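Structural features, examined
Residues per chain, in single letters:
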Amino acid sequence: MHATTTTTTTLIRQQARKIGPLGLILLLHLGFFYALQSGLLKQAAQALPTREVFASFITPERPPTPSPPQQKVAQPAPPKTVPVVKKSIAPRPAPIVKTTPSPQAITAAPQTPSPPTFDEVAVPSIAEASTAPSAPAAPSAPAALAPPKTISSGVEYLQPPQPKYPPISRRIGEEGRVILRVLINDKGRPQQVEVQQTSGISRLDEAGRQAVLGALFRPHIDNGQAVAVYAIVPIRFQLN
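So, here is what we can say about the structure in this document. (Residues numbered from 1 in each chain as written. Predicted model: local features only at pLDDT ≥ 70, side-chain atom pairs only at ≥ 80, totals over all residues. Heavy atoms only, no water.)

Comments concerning the pattern of salt bridges
Inspection of every chain in the model, using the stated rule, returns five salt bridges. Here lysine 149 and aspartate 222 are joined by a salt bridge, their closest N and O atoms 3.8 Å apart. Of this pair, lysine 149 sits in the loop between helix H4 (126-131) and strand S1 (150-151) while aspartate 222 sits in strand S6 (residues 220-222), and the two are 73 residues apart along the sequence. Since its relative accessible area comes to 42%, lysine 149 is described here as partly exposed. In this structure aspartate 222 comes out as partly exposed when scored by relative accessible area, which is 30%. For glutamate 156, the salt bridge is made with arginine 218, and the minimal N-O distance between the two is 2.9 Å. Remark: arginine 218 occurs in the loop between strand S5 (216-217) and S6 and glutamate 156 occurs in the loop between S1 and strand S2 (157-159); sequence separation between them is 62 residues. On the basis of relative accessible area, glutamate 156 is assigned to the partly exposed category, the value being 44%. (Salt bridge = Lys/Arg side-chain N within 4 Å of Asp/Glu carboxyl O. Helix = DSSP H or I, 4+ residues; strand = E, 2+ residues; numbered from the N terminus. Buried < 20%, exposed > 50% of the residue type's maximum accessible area, 1.4 Å probe, protein only.)

Quick notes on the nonpolar core
Core analysis: the biggest nonpolar cluster contains 18 residues, and Leu180, Val182, Val212, Phe217, Val233, Ile235 and Phe237 have the highest contact counts within it. Of all the secondary-structure elements, those providing two or more residues to this core are strand S3 (176-184), helix H6 (202-213) and strand S8 (229-237). Ranked by residue count, the leading element in this core is S8, at five residues. Apart from the residues lying within four places of it in its own chain, the contact partners of valine 212 are Pro161, Leu180, Val182, Pro190, Val193, Phe217, Val233 and Ile235. (Core = buried A, V, L, I, M, F, W, Y, C linked by side-chain atoms within 4.5 Å. Contact = heavy atoms within 4.5 Å.)

Quick word on the environment of leucine 239
Assignment of secondary structure puts leucine 239 in the segment after S8. Spatially, the C-alpha atom of leucine 239 lies 9.1 Å from that of tyrosine 165, the residues being 74 residues apart in sequence. Each residue touching leucine 239, except ones within four places of it in the same chain, is listed here: Tyr165, Arg170, Gly173 and Glu175.

Let's talk about unusual backbone geometry
In this structure, asparagine 223 takes a positive phi of about 60° despite not being glycine. Topologically, asparagine 223 is positioned in the loop between S6 and strand S7 (225-227).

Focus: the packing of aromatic side chains
Summed over all chains, the structure comprises two aromatic pairs. Where tyrosine 157 meets phenylalanine 217, the ring centres are 4.9 Å apart and the plane angle is 40°; that geometry is what we call tilted. Of the two residues, tyrosine 157 is situated in strand S2 and phenylalanine 217 in strand S5; the sequence distance between them amounts to 60 residues. On the accessibility criterion, phenylalanine 217 (0% relative accessible area) is buried. On the numbers, 5.6 Å between centres and 90° between planes, the contact of tyrosine 165 with phenylalanine 237 is edge-to-face. Taken together, the positions of tyrosine 165 in the loop between S2 and helix H5 (167-172) and phenylalanine 237 in strand S8 put the pair 72 residues apart, joining distant regions of the chain. (Phe/Tyr/Trp six-rings, centres within 6.5 Å; stacked < 30°, edge-to-face > 60°.)

Remarks on a nonpolar patch on the surface
Together, Phe32, Phe33 and Leu36 make up a nonpolar patch on the protein surface, roughly 320 Å² of accessible area in all. Note that phenylalanine 33 resides in helix H1 (residues 2-38). By relative accessible area, which is 49% here, phenylalanine 33 ends up partly exposed. (Patch = residues over 30% accessible without salt bridge, like charges linked within 9 Å, V, L, I, M, F, W, Y side chains within 5 Å. Areas by Shrake-Rupley, 256 points an atom, 1.4 Å probe, with all protein chains shown as cover.)

Description of the environment of phenylalanine 217
With 33 residues separating them along the chain, phenylalanine 217 and isoleucine 184 place their C-alpha atoms 7.5 Å apart. Non-local contacts of phenylalanine 217, meaning those with residues more than four positions away in its chain, are made with Val155, Glu156, Tyr157, Leu158, Val182, Ile184, Lys187, Gly188, Pro190, Val212 and Val233.

Brief notes about the sheet that holds S1
Spatial ordering of the open sheet is given by S1-S8-S3-S4, a layout of four strands whose pairing is mixed. The open sheet has two free edges, formed respectively by S1 and strand S4 (190-197), since each of these has just one partner strand. Across the sheet, H6 touches S3, S4 and S8, and the angle it forms with S3 is around 35°. (Pairing = 2+ DSSP bridges. Axes fitted to C-alpha atoms, helices over the stretch in contact; angles between N-to-C directions.)

Below, the structure written as structure tokens:
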């Protein structure tokens with residue numbers, strides 16, 4: 001029994017040692033909350049003397065910025081003054097010349113030039129007028145060239161005309177004879193072909209004209225020289 005009581009007392013002491021600090025903290029917290037609720041802390045704060053604290057901010061002074069060095073400008077030397085000496089020249093008196101006017105200078109009237117007489121005017125003589133160069137005569141107009149003559153016979157061919165029968169005229173049996181007037185140059189080539197007498201069918205007329213344009217004639221000689229002439233050339237279209 002006594003041993004049991006001792007064991008219990010030991011256990012209580014151990015528990016009290018463990019709970020002691022924790023219980024103290026709990027008591028302090030409870031006392032603090034009680035003081036807050038009862039207003040004891042406010043009264044204690046009011047009872048304490050209040051002190052006013054003044055704070056002033058001091059800004060550091062900036063060092064002055066150094067000014068750039070001033071360049072010394074050399075001042076020009078003052079101009080030298082030179083005294084000006086004025087020379088006074090006394091004017092010389094002009095000589096006085098006494099002149100007496102002549103009576104002729106006063107009474108003479110101004111002479112006006114007389115007009116030239118007929119004898120003084122230079123008139124060319126008849127001999128000089130005849131020997132004077134005459135104006136160049138106007139150039140005479142060139143003589144008009146004579147038109148080529150027309151020949152109806154004696155036409156010779158180097159390459160005779162070869163007319164082509166129009167197919168339509170051959171199909172429908174058209175026939176006819178066309179007479180053409182041909183301008184032949186000095187080299188024997190036809191330059192111009194015109195219908196002098198129609199065959200009545202335009203297709204045959206055009207076929208004959210084209211055939212004469214493709215021909216080559218012998219140049220016509222007149223006084224030993226080849227000249228251009230007009231020639232009359234008939235072309236007949238006939239079905240065999």
